Amino acid sequence: MSEPFDVVDVIRTKRDRGRLSGEQIDWVVDAYTRGVVADEQMSALTMAIFLNGMSREEIHRWTHAMIDSGERMDFSALPYPTADKHSTGGVGDKITLPLAPLVAVFDVAVPQLSGRGLGHTGGTLDKMEAIPGWRADLSERELMDQLATVRAVICAAGASLAPADKKLYALRDITSTVEAIPLIASSIMSKKIAEGTDSLVLDVKVGSGAFMKDLDQARELARVMVELGSDAGVRTRALLTDMDAPLGRTAGNALEVAESLDVLSGGGPADVVELTCELAREMLAAAGKDDVDVEAALQDGRAMDVWRDMIRAQGGDPDAPLPVAPETSDVRASRDGVITHMDALAVGVAAWRLGAGRARKEDPVQAEAGVEIHAKPGDRVRAGEPIFTMHTATPERFARAEQALADAVEIGETYSARPSIVLDRMR
Ligand code: URA
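Residues numbered from 1 in each chain as written. Predicted model: local features only at pLDDT ≥ 70, side-chain atom pairs only at ≥ 80, totals over all residues. Heavy atoms only, no water.

Caption draft 1: Layout of helix α9 (residues 181–195). Relative to the 21 Å expected for 15 residues at 1.5 Å per residue, α9 spans 21 Å between its end C-alpha atoms, a close match to the ideal helical length. A large share of α9 lies buried, amounting to 14 of its 15 residues. Positive backbone phi, approximately 85°, marks Gly196, located one or two places after α9. (Helix = DSSP H or I, 4+ residues; strand = E, 2+ residues; numbered from the N terminus. Expected span 1.5 Å × (residues − 1). Buried < 20%, exposed > 50% of the residue type's maximum accessible area, 1.4 Å probe, protein only.)

Right, here's the structure in full:
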């Protein structure tokens, strides 16, 4: 078949800071998905986009070309409104686990179609797979049935949802072109619009453990995504949240499930509870439910009841013990004082080196590996007290993980607490 464009012209246009036409964008996304445009050509184009950006019209068209590469889902037959959450990714971000059952308590269906982790940020499916028996892959029928009965589902996004993004994301990951606003926004929003949720809350992370290191960049990413969602008829809101320090006190799959169970039992670290409740209120408000007491549903066990139903519906045993690492090793405070900074990226890298994450997408992960955090910014420590406990089944990994943690913590004299984990909101 003869092709309507030459990919070299498309690359040159973007390299020279020109604008791509709608037809060029539709073609290049489709031709890449079909294998007509080669990986090295798409790498050059994504690098040109990374360096020179895209206009609002180009981003819009690129997003819709990615949606059109696959199928769209339709939840309109469900007896409940649907609301979804997407995080741009952070260290210790287990919020989806308590959040999905919490929102479902209030008769809003939550289809959390999730992915596996790559690099230092953990994937929701990797965390859930620490639960004995739990199954990530559901057929569309099973997904719909579970949404109609339990109202909350965390499962793998099927291969038919924005396949162009799957291929492109894997390429961006190995060509250092992930952190570009047009590419992140189109990647996330193509999947969410194709999924067909009525409303969507975006958790845009800001800080050392996030793609967006400063608040202005994060605001720009949030603005582009909220516009894409709203233009496609999805009620979309964004919270910009702090990711300078890891979220909660664990990074690693089974460790994060255990912490999520603490939250569902009415306890858990204050930052995880705060963010879970903020996002739940935002999702429920977007779905038309204001004035709901989400904290009460964590305290009185209603969210835990939905969690247990959700785990059982996917073959898991909510009462089975979680895997525990056979080997642990502590990293201790070098001096007395108050922790003034903890680098989220360093903790993520350490958890990854202990075996919690993967370097290539076909690598296995260790459910039991990760980092437990005993003291966070604002906590006072004495020299020699443990700040981190490293967990792994392969102790030869301790040395490299400890290297990552060596400079992760600053200890000083005074600490001024941030008022809230939520830095800004966008509707
Ligand atoms: N998450 C995605 O799904 N895509 C990106 O590009 C970045 C984070």
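Now that the structure has been shown, the text picks up again.
Caption draft 2: Layout of the site of the ligand. The environment of the ligand is formed by Tyr169, Arg172, Ile184, Ser187, Ile188, Lys191 and Phe211. The separation between a nitrogen atom of the ligand and a polar side-chain atom of Ser187 is 2.6 Å. In isolation the ligand has 240 Å² of accessible area, and contact with the protein removes 91% of it. Take the shell around the ligand: its biggest share by element is 4 residues, from α9. (Near = heavy atom within 4 Å. Polar contact = N/O pair within 3.5 Å; in protein donor to acceptor, adjacent residues only side chain to side chain. Areas by Shrake-Rupley, 256 points an atom, 1.4 Å probe, with all protein chains shown as cover.)

Caption draft 3: Expanded view of the packing of helix α15 (residues 344–356) against helix α16 (residues 398–406). Relative orientation of the contacting elements α15 and α16 amounts to 175°, with a least axis distance of 8 Å. Relative to α16, the element α15 is oriented roughly antiparallel. Listed contacts from α16 to Ala346, Val347, Val349, Ala350, Arg353 and Leu354 of α15 are Phe398, Arg400, Ala401, Gln403, Ala404 and Leu405. Of the residues belonging to the contact of α15 with α16, the class tally is 9 nonpolar, 1 polar and 2 charged. (Axes fitted to C-alpha atoms, helices over the stretch in contact; angles between N-to-C directions. Parallel < 35°, antiparallel > 145°, perpendicular 65-115°, else oblique. Contact = heavy atoms within 4.5 Å. Nonpolar A, V, L, I, M, F, W, Y, C, P; charged D, E, K, R; others polar.)

Caption draft 4: Main features of the nonpolar core. By size, the foremost hydrophobic cluster in this structure holds 80 residues, and its most contacted members are Met128, Trp307, Val347 and Phe388. When residues in this core are grouped by element, the largest group, 8 residues, is from α15. The contact partners of Phe388, leaving out residues within four places of it in the chain, are Ser329, Asp330, Val331, Met342, Val347, Val371, Glu372, Ile373, His374, Leu405, Ala408 and Val409. If you look at the next biggest cluster of nonpolar residues, it comprises 60 residues, including Leu138, Leu147, Val153 and Met426. (Core = buried A, V, L, I, M, F, W, Y, C linked by side-chain atoms within 4.5 Å.)

Caption draft 5: Representation of the pattern of salt bridges. Applying the stated criterion to the full structure yields 39 salt bridges. In this structure, the salt-bridge partner of Lys205 is Asp93, at a minimum N-O distance of 3.8 Å. Placement of the pair is Lys205 in strand β4 (residues 199–206) and Asp93 in the loop between β1 (83–87) and α5 (96–104), with a sequence separation of 112 residues. A relative accessible area of 10% places Asp93 in the buried class. Salt-bridge contacts for Glu256 lead to Lys127; the nearest nitrogen and oxygen are separated by 3.0 Å. Of this pair, Glu256 sits in helix α11 (residues 253–264) while Lys127 sits in helix α6 (residues 124–128), placing them 129 residues apart in sequence. Residues joined in a network through salt bridges with shared partners are Arg56, Glu220, Arg223, Glu227 and Asp231. (Salt bridge = Lys/Arg side-chain N within 4 Å of Asp/Glu carboxyl O.)

Take it as geometry only, folks, not as evidence of what the structure does.
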